[in-house]
Amino acid sequence: MVLFTVSRKETSPIQGQKPGTSGLRKKVTVFKQPNYLHNFVQATFNALSPNKVRGATIVVSGDGRYFSEEAIQIIIKMAAANGVKSIWVGQNGLLSTPAVSAVIREREGKDATKAAGGFILTASHNPGGPHEDFGIKYNMENGGPAPEGITDKIYVNTTTIKEYFIAEDLPDVDISTVGTTSFTGPEGSFDVDVFDSTDHYVKLMKSIFDFESIKKLLASPKFSFCYDALHGVAGIYAKRIFLEELGADESSLINCTPKDDFGGGHPDPNLTYAKELVTRMGLSKSSSEIDPPEFGAAADGDADRNMVLGKRFFVTPSDSVAIIAANAVQAIPYFSSGLKGVARSMPTSAALDVVAKNLNLKFFEVPTGWKFFGNLMDAGVCSVCGEESFGTGSDHIREKDGIWAVLAWLSILAFRNKDNLEGDKLVSVQDIVQEHWATYGRHYYTRYDYENVDAGAAKQLMTALVESQSSLTDLTETVKKIRADVAEIAEADEFEYKDPVDGSISKHQGIRFLFRDGSRLVFRLSGTGSEGATIRVYIEQYEKDPAKTGRDSQDALAPLVEVALKLSRIEELTGRSAPTVIT
Ligand code: G1P
Ligand code: ZN
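Below is a short write-up of the structure. (Residues numbered from 1 in each chain as written. Chains lettered and ligands numbered in written order. Predicted model: local features only at pLDDT ≥ 70, side-chain atom pairs only at ≥ 80, totals over all residues. Heavy atoms only, no water.)

**Details of the pairing of strand 11 (residues 225–228)**
The alternating pattern of strand 11 places Phe 225 and Tyr 227 and Cys 226 and Asp 228 on opposite faces, both of which are buried. Judged from the four bridges that link them, strand 11 and strand 13 (residues 295–299) form a sheet pairing that is parallel. Residue Asp 228 lies in a different strand from strand 13, and its bridge partner there is Ala 298. As paired elements, strand 11 and strand 12 (residues 253–254) share two bridges and run parallel to each other. From the neighbouring strand, Asp 228 faces strand 12, where its bridge partner is Ile 254. In this region the chain leaves strand 11, passes through helix 8 (residues 234–245) and returns to the parallel neighbour strand 12; the handedness of that crossover is right-handed. (Buried < 20%, exposed > 50% of the residue type's maximum accessible area, 1.4 Å probe, protein only. Helix = DSSP H or I, 4+ residues; strand = E, 2+ residues; numbered from the N terminus. Pairing = 2+ DSSP bridges. Right-handed = clockwise from strand over helix to strand, strands pointing away.)

Printed below as a string of structure tokens:
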């Protein structure tokens, strides 16, 4: 048994350690500054109640991006010094964000111990590598991101920190091999338990979905599919689930070996960054000649996001969650006794609202960020939820779940084709989406992102928009002058949310312009960027007439886009004539 001692180190506050929408994300060069990670980790330990640290079990792992291994060794040594009893590490330090949530909720260690929480090392969809982003966030014992009460405390702690504790003489632990290494410190034993990164997650997925029926779909010669992990951690789950469990062909998987720099790419599953998949699915100019697979999907770096595609067909994330909700009870065994309720983030389109209304389901609209869904799920009032930002999930865990969303779609396809696998043509992704529009109407939707704009200019733009809302009459006039053919504005406000479970209030959650025909414009600043500011503009229009649901989305939205750009004076204020990304 190796003995270790605890050192107390003096330190001082480092500016800028305020966690954003999803933890602290900065350039690797920032994280590598002396004491930067140490301060944040100690501030986190100090923000948690002592019994969730001393004698507790915590998880640490992430998407494998550059600096992860170094960070894991530091966190192990600091956990030991702070009295943590046992630390669980996914093999090679890899665990997807949804898998961390599942492990916290489901895994039992020695003597049936459960984890009290865990550090997730990821900057999600941001690029990785020595000059790119690293990130860290803490999830609580329900498996969900720390609530604002805790992240605020962490931040305050980082501004007053004077010391941290570390077991400097604890040797680095080999995290490449499964097994437990035990040490002894001043407070007794300390274990590092390295476990298989996929086992618990796969078991959970098998308890939710009917793998046999999905297997039959994949075995049909008429079905073909393609999954792109963009070199993120999703690759290890994709290999295990799609290849080993469901019998897919190896050629169905692309970029499924995790890399610490994501192969130099931007691991964000959208039409701009998932280039290889988009080409394979027949959605790029260069792929007009090919015969694309029936189904395509991608994940982001930490595998909580997903993009779903059909043959030459894009499914908006807002439609995706609505369609999953509409089909869940029939197609997914986990939901067979009914949905407890559904929820979406405010900027997500109202497609889900229409489903909830038709199916008479409880419905919630929450601010951006997954943590707001967690309270609803813990209270047992929400089964399925989603965000426009390629996030979909359910109450099986407390994070969005990229692989789950793909399995949900495969389940719907398997269900719709169960008596049709020998038929002439399978019911396709496009058929399912178009049928959905015919039943519920279509929400045309687009999001414009202006990344890394000057923070002062972004703030000025937002302030001016809030000011424009002070008189509805003037605002109506201004909009009419920009485009006479859009509907009149019915309401304009800043979104504020009162959590129905704990009563907490979140203000300034996005600037909304609501039109009489159900159209909406929303403006918000990103809380996940690591440089400058990112302005997000969300544009949505509802079309009930089935004869008009087949238009090109950017064409249909052109008038509202013009209103959004001119009303916000975005070019004048930021100098940007076009967004960096359109989804
Ligand atoms: C973005 C998305 C948001 C998501 C978050 C974490 O946050 O918009 O929906 O929950 O990433 O994946 P934002 O940068 O807009 O604050
Ligand atoms: Zn992510």
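That shown, we press on.
**Details of the site of ligand 1**
Taken together, the neighbourhood of ligand 1 is formed by 13 residues, with Ser 389, Ser 526, Gly 527, Thr 528 and Arg 536 sitting nearest. One of the side-chain N or O atoms of Lys 400 is found 2.9 Å from an oxygen atom in ligand 1. Within the side chain of Ser 526, a nitrogen or oxygen atom sits 2.6 Å from an oxygen atom of ligand 1. Look at ligand 1: alone it shows 380 Å² of surface, and the protein chains cover 99% of it. Residues that form the shell around ligand 1 fall into these classes: no nonpolar, seven polar and six charged. (Near = heavy atom within 4 Å. Polar contact = N/O pair within 3.5 Å; in protein donor to acceptor, adjacent residues only side chain to side chain. Areas by Shrake-Rupley, 256 points an atom, 1.4 Å probe, with all protein chains shown as cover. Nonpolar A, V, L, I, M, F, W, Y, C, P; charged D, E, K, R; others polar.)

**Comments concerning the packing of aromatic side chains**
Summed over all chains, the structure comprises 19 aromatic pairs. On the basis of an interplanar angle of 85° and a centroid distance of 4.9 Å, the ring pair of Tyr 334 and Phe 335 is categorised as edge-to-face. On the basis of relative accessible area, Phe 335 is assigned to the buried category, the value being 2%. A connected cluster of aromatic rings, assembled from ring pairs, spans Phe 31, Tyr 36, Phe 67 and Phe 134. (Phe/Tyr/Trp six-rings, centres within 6.5 Å; stacked < 30°, edge-to-face > 60°.)

**Looking at the environment of Tyr 538**
Examined against the element boundaries, Tyr 538 turns out to sit in strand 26 (residues 533–543). For the pair Tyr 538 and Leu 557, spaced 19 residues apart in sequence, the C-alpha separation works out to 11 Å. Ignoring anything within four residues of it in the chain, the contact list for Tyr 538 reads Pro 347, Glu 388, Tyr 445, Thr 446, Arg 447, Arg 520, Leu 521, Val 522 and Arg 524. (Contact = heavy atoms within 4.5 Å.)

**Things to note about the sheet that holds strand 10 (residues 188–195)**
Spatial strand order, 1-9-10-5-4-6-7-3: eight strands in an open sheet with mixed pairing. This sheet does not close on itself; its edge strands, each paired only once, are strand 1 (2–3) and strand 3 (24–27). Along the sheet, helix 4 (residues 97–106) makes contact with strand 4 (57–62), strand 5 (86–94), strand 6 (117–121), strand 7 (133–139) and strand 10, crossing strand 6 at roughly 170°. (Axes fitted to C-alpha atoms, helices over the stretch in contact; angles between N-to-C directions.)

**Overview of the coordination of the zinc ion (ligand 2)**
Coordination of the zinc ion (ligand 2) by the protein is provided by Ser 124 (OG), Asp 300 (OD), Asp 302 (OD) and Asp 304 (OD), with metal-donor distances spanning 2.0 to 2.1 Å. Taken together, the four donor atoms coordinating the zinc ion (ligand 2) span angles of 88 to 163° at the metal, a pattern that classifies the geometry as irregular. All donors of the zinc ion (ligand 2) belong to a single chain; written as a sequence motif, their spacing is S-x175-D-x1-D-x1-D. With a gap of 178 residues between them, Ser 124 in the loop between strand 6 and strand 7 and Asp 302 in the loop between strand 13 and strand 14 (306–310) connect regions that are remote in the sequence. The pair Ser 124 / Asp 302 is uniform in exposure class, with both members buried. (Donors = N, O, S within 2.8 Å, 3.2 Å for Na, K, Ca; no water. Tetrahedral: all angles 85-135°; square planar, octahedral: opposite > 155°, others 65-115°.)

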